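Now for the letters of each chain:
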Amino acid sequence: MSDKLPRMDYRQHRRARRLVHECCNYDEGNCLLLDDGEPCVCVQSISLSLMCRWFRVAVLPFDGELAAALLYRGSQKRCAVCGAAFVPKSNRGKYCPDCAGRMKKIKAAERKRKQRHKCHALEPFKPA
């Protein structure tokens, strides 16, 4: 384990606890990976830091906003539309994945509208 484990505040911890129940190794409060004959409490459900590597790699990406807040604190950005935290795929990323598709359609419609207006395609005759 690394020396710098990401620490969570209380709200993040509650969200992570809900995700712990989605883990395939979670069995009624116990961790199947740590089970060596007798039950062992899931460390991720009682800790305020990201202790479990399996949780970090396999379960945390299901909640993208929480993963961005905990794992990519230095490289995360805020969406220009909704303000949600996200990790951009390039240095030009402005929008979260939810807003990106919608903004792509809006920008394409604006671009085509401007192009049609420029070439007078909607007018009944072309000016001389």
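Shown above is the structure to which this text applies.
Being a predicted model, the structure only gives us computed values, none of them experimental.

**Student:** How should I be thinking about the overall build of the protein in this particular structure?
**Tutor:** Along the protein, the regular secondary structure elements total five helices and four strands. Going residue by residue from the N terminus, the α and β elements of the protein occur as α-β-β-α-α-α-β-β-α. Put simply, of all contacts in the protein between residues at least 6 apart along the chain, 37% involve residues at least 24 apart. Accessible surface for the protein amounts to roughly 9800 Å². Of this, 53% is attributable to carbon and sulfur atoms.

**Student:** How do you make sense of the side chain of His-13 when you look at a structure like this?
**Tutor:** Secondary-structure assignment places His-13 in helix H1 (residues 10–20). Looking at His-13, its side chain comes within polar contact range of the main-chain oxygen of Ser-47, at 3.3 Å. With near-sequence residues (within four places) excluded, His-13 lies in contact with Met-8, Ser-45, Ile-46, Ser-47 and Leu-48.

**Student:** Explain the environment of Cys-23 here, please?
**Tutor:** Within the secondary structure, Cys-23 is located in the loop between H1 and strand S1 (26–27). Taking the C-alpha atoms as reference points, Cys-23 and Phe-55, 32 residues apart in sequence, are found 7.1 Å from one another. When residues no more than four places from it in sequence are discounted, the contact partners of Cys-23 are Trp-54 and Val-59.

**Student:** Hey, could you run me through the nonpolar core in this one?
**Tutor:** Generally speaking, a soluble globular protein has its nonpolar side chains buried in company with each other. Counting 15 residues, the largest nonpolar core has Leu-19, Leu-50, Phe-55, Leu-60, Leu-66 and Leu-70 as the members making the most contacts within it. In contact with Leu-19, not counting residues within four places along its chain, are Phe-55, Val-59, Leu-60, Phe-62, Asp-63 and Leu-66. Counting six residues, the second-largest nonpolar core is a separate cluster that includes Cys-79, Phe-86, Cys-96 and Cys-99.

**Student:** What should I look at first to understand unusual backbone geometry in this one?
**Tutor:** Excluding glycine, most residues fall at negative phi; most peptide bonds, likewise, are trans. The backbone of Glu-28 shows a phi angle near 55°, a positive value even though the residue is not glycine. Its location among the elements puts Glu-28 in the loop between S1 and strand S2 (30–31).

**Student:** I tried to follow the pattern of salt bridges on my own but got confused; where do I start?
**Tutor:** Pairing is possible between side chains that carry opposite charge, provided their charged atoms lie close to one another. By the definition in use, this model includes one salt bridge. Of the charged contacts, one joins Arg-15 and Asp-63 as a salt bridge, the two residues approaching to 2.8 Å between their closest N and O atoms. On the criterion of sequence distance, the pair formed by Arg-15 in helix H1 and Asp-63 in the loop between helix H3 (53–59) and helix H4 (64–71) is long-range, its members being 48 residues apart. Note on Arg-15: relative accessible area 28%, which makes it partly exposed.

**Student:** What am I meant to see in a positive patch on the surface here?
**Tutor:** A cluster of like positive charges, contributed by Arg-111, Lys-112, Arg-113 and Arg-116, occupies part of the molecular surface. Along the chain, the position of Arg-116 falls in helix H5 (residues 97–119). Taking relative accessible area as the criterion, Arg-116 reaches 39% and is therefore assigned partly exposed.

**Student:** Sorry if this is basic, but what is going on with H4 here?
**Tutor:** Since the α-helix turns once every 3.6 residues, residues separated by three or four places project in the same direction. Among all positions in H4, only Leu-66, Ala-67, Ala-68, Ala-69 and Leu-70 are buried. In this structure, the buried side of H4 is in contact with H1 and strand S4 (85–86).

**Student:** Hey, could you run me through a negative patch on the surface in this one?
**Tutor:** Together, Asp-27, Glu-28, Asp-35, Asp-36 and Glu-38 make up a negatively charged patch on the protein surface. Here Asp-27 is to be found in strand S1. Exposure remark for Asp-27: the relative accessible area of 38% places this residue in the partly exposed category.

What counts and what doesn't
Residues numbered from 1 in each chain as written. Predicted model: local features only at pLDDT ≥ 70, side-chain atom pairs only at ≥ 80, totals over all residues. Heavy atoms only, no water. Helix = DSSP H or I, 4+ residues; strand = E, 2+ residues; numbered from the N terminus. Contact = heavy atoms within 4.5 Å. Areas by Shrake-Rupley, 256 points an atom, 1.4 Å probe, with all protein chains shown as cover. Polar contact = N/O pair within 3.5 Å; in protein donor to acceptor, adjacent residues only side chain to side chain. Core = buried A, V, L, I, M, F, W, Y, C linked by side-chain atoms within 4.5 Å. Buried < 20%, exposed > 50% of the residue type's maximum accessible area, 1.4 Å probe, protein only. Salt bridge = Lys/Arg side-chain N within 4 Å of Asp/Glu carboxyl O. Patch = residues over 30% accessible without salt bridge, like charges linked within 9 Å, V, L, I, M, F, W, Y side chains within 5 Å. Lys, Arg positive; Asp, Glu negative; His and termini not counted. Charge placed at Lys NZ, Arg CZ, Asp CG, Glu CD.

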